[in-house]
Amino acid sequence: MNEIIRTKAQESSNAIERLYITMRHLFNRGFYKPMGVSGKTLREALLTLRPEIYGSIADEKAEIEGLLYVIDRLPEGIAECRFISLTAEEGFSNSHFKAIIPAKRRRNCYRIDKDQMNIEITRGRSDIYDVLTHLTFLYIESEKIAKKVLVTEDEELTREWTFLEKIVLQNKKLTHNDREVLFSYISSILGRTFQDIQEAYKNFSTNQNPNRFFEIIYWMGKLALNEILYDKKHTITFSPVLRERIGHHIYGDIWATNIKNTLIEKGLSKRPIHIISANMHSVMNSLYAPIALPNESKEHKDIALFELLSIDSNGALRKKVKQKASKIGLTYLKDSSGTNINVQIIDTQKIDFEKTMYDITNEDSERPVLIVMDYAFGEQAYETMDELLKPFITEDKERIYFDIESISIMGKAGILKGGKGDIMIPTAHIFEGTADNYPFKNDLKKDDLKDLGLNAYKGAMVTVLGTSLQNKDLLDFFHESTWKVIGLEMEGAHYQKAIQSASKIRGNISKKVKVRYAYYASDNPLETGSTLASGGLGTTGVKPTYLITQKILEQIL
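Residues numbered from 1 in each chain as written. Predicted model: local features only at pLDDT ≥ 70, side-chain atom pairs only at ≥ 80, totals over all residues. Heavy atoms only, no water.

## A look at helix α3 (residues 64-71)
Think of an α-helix as turning once every 3.6 residues; residues three or four places apart then point the same way. The buried fraction of α3 amounts to 7 of the 8 residues, a majority that puts the element mostly inside the structure. Looking at α3, one finds that the buried residues are Ile64, Gly66, Leu67, Leu68, Tyr69, Val70 and Ile71. Residues of α3 that are buried in the fold lie against α4 (125-149), α6 (176-190), α7 (194-204) and α8 (212-230). Looking at where α3 begins, the residue whose side-chain oxygen comes 3.3 Å from the main-chain nitrogen of glutamate 65 is glutamate 63. (Buried < 20%, exposed > 50% of the residue type's maximum accessible area, 1.4 Å probe, protein only. Helix = DSSP H or I, 4+ residues; strand = E, 2+ residues; numbered from the N terminus. Contact = heavy atoms within 4.5 Å. Polar contact = N/O pair within 3.5 Å; in protein donor to acceptor, adjacent residues only side chain to side chain.)

Okay, here's the thing in structure tokens:
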């Protein structure tokens, strides 16, 4: 009998499946110890998978770029905490605890005491998967540090570690020489070059805490040493309220009801409605910046105006656009439901289109209303879109159906053919790890974006369970096989599932609803040095963002 040999792509796919089955099991169980027996399957699956974002996770040397990526998505101080509790929105916002919001993830976290961090989960299972995979990476890296500084024969610690501990605990002001000595010691601890550590120190430092890198490395190692020497293990718990609420659309229902109430109160519920999932600036700036900034728009034509607005130091110009927009048709709904998805409702009847780059032909009474919703996160896309497309039920049990004419989804995605800033036009969404696939007619065409100075690609896209879990073997398979996948993202299949059930099965919206999907490339995970962990887009993202926005608005108006 011939031996069956699995490919690396098959092994990776199996590792992802094991990760998600294990995470759901641990969630249902209510707690686990990530570096104990209960966390072993997660650790082994992650080490088998070796995702691109986590770089050298399976090697002896420390992974620094991956650590920065993870630390930016977890709350400040997480490395110091032995107990992590994942909770629902349970009233901590009304307490004396100050909310800690990670730099690159919208979630509220609370430091309960020196040993415990609570992380609020209001965006569905994808948020839980995201936190658990990042924490697993963090603890694997922590164990590397502990094993490097522990002299096992007599359980003594290396002098490099003793020096680092003294510096961090005494909060000593460092001289240039002290800092360089520490760079040398930490390069030995992490198995990285002196230059790597210099660069890492710079990348991790903040204005408030220039020595953040030293502190993170120390506390990661310290807590891992406590596990090895004193059996003081990290523990992750899931609150009973979170376990009860997850999957029940509680936050999405509150969020969607608030939007529908606002539409009714403002007399907009009977007008044609177009939903756009995007950021909170591109639609607003496209419509209102030429009106609010007439002088700047004469000097800076088209994309140049939006590049001007994207510069950090031009906060006063952005404020001017927001103030003008709020007077002529834009209503901003800051989220209070827990979804962390803010919304803009734009009444185009109040916009003087002669001052913009757009022409509008509809009569005043038929001018569209735009609902611009900020990015959802993974499975949260299904919850929010599903609730938004349902009819509004009044106190008298009357159903009010909304005239949803189109739904447009734009955002960032990983590209498998091309580079940062290029555009992807999907023809179908394939849901990774399942047999689900969603072909659709995309009203945005590749030809709509030609001759604009950017590369555009058309084809199927894969909706992944987590961007941080992809590796080259798996992505190569999706790209090179007959799936011919052009990119990966986290929300497309979830949005399309909600749209198809609302339009084709439940009759909540018209069967003729138009859908538009377009993504611009934030990274190419198949290229070394071009993954998400290698840094953001900078101004590269401005052009594709506004060109996609422009094409969406042209089709709507």
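## Some remarks on the sheet that holds strand β8 (residues 235-238)
As a general point, the strands of a sheet are linked pairwise by backbone hydrogen bonds and lie either parallel or antiparallel. If you walk across this open sheet you meet the 6 strands as β1-β8-β2-β5-β4-β3, and the pairing is mixed. Of all strands in the sheet, those with a lone pairing partner are β1 (31-32) and β3 (99-100), marking the two edges. (Pairing = 2+ DSSP bridges.)

## Looking at the environment of serine 365
Inspection of the secondary structure puts serine 365 in the loop between β11 (343-347) and β12 (369-373). The spatial distance from the C-alpha of serine 365 to the C-alpha of glutamate 215 is 60 Å, given a sequence separation of 150 residues. Not counting chain neighbours up to four residues away, the residues in contact with serine 365 comprise Arg271 and Gln349.

## Some thoughts on the packing of α4 against α6
Between two packed helices, what matters for the description is the angle formed by their axes and the separation of those axes. In the contact formed by α4 and α6, the axes pass within 8 Å of each other and the chain directions differ by 105°. Classified by the interaxial angle, the pair formed by α4 and α6 is roughly perpendicular. The segment α4 lies against α6, with Ile145, Lys148 and Val149 engaging Ser188, Ile189 and Leu190. (Axes fitted to C-alpha atoms, helices over the stretch in contact; angles between N-to-C directions. Parallel < 35°, antiparallel > 145°, perpendicular 65-115°, else oblique.)

## Overview of a negative patch on the surface
There is a patch of like negative charges on the surface, built from Glu11, Asp473, Asp476 and Glu480. No other element matches helix α16 (residues 472-480), which puts 3 residues into the negative patch. By the secondary structure assignment, glutamate 480 is in helix α16. (Patch = residues over 30% accessible without salt bridge, like charges linked within 9 Å, V, L, I, M, F, W, Y side chains within 5 Å. Areas by Shrake-Rupley, 256 points an atom, 1.4 Å probe, with all protein chains shown as cover. Salt bridge = Lys/Arg side-chain N within 4 Å of Asp/Glu carboxyl O. Lys, Arg positive; Asp, Glu negative; His and termini not counted. Charge placed at Lys NZ, Arg CZ, Asp CG, Glu CD.)

## A word on the environment of glutamate 17
By the element assignment, glutamate 17 lies in helix α1 (residues 8-29). Take glutamate 17: its relative accessible area is 47%, and that puts it in the partly exposed class. Each C-alpha atom of the pair glutamate 17 and leucine 317 lies 48 Å from the other, and the pair is 300 residues apart in sequence.

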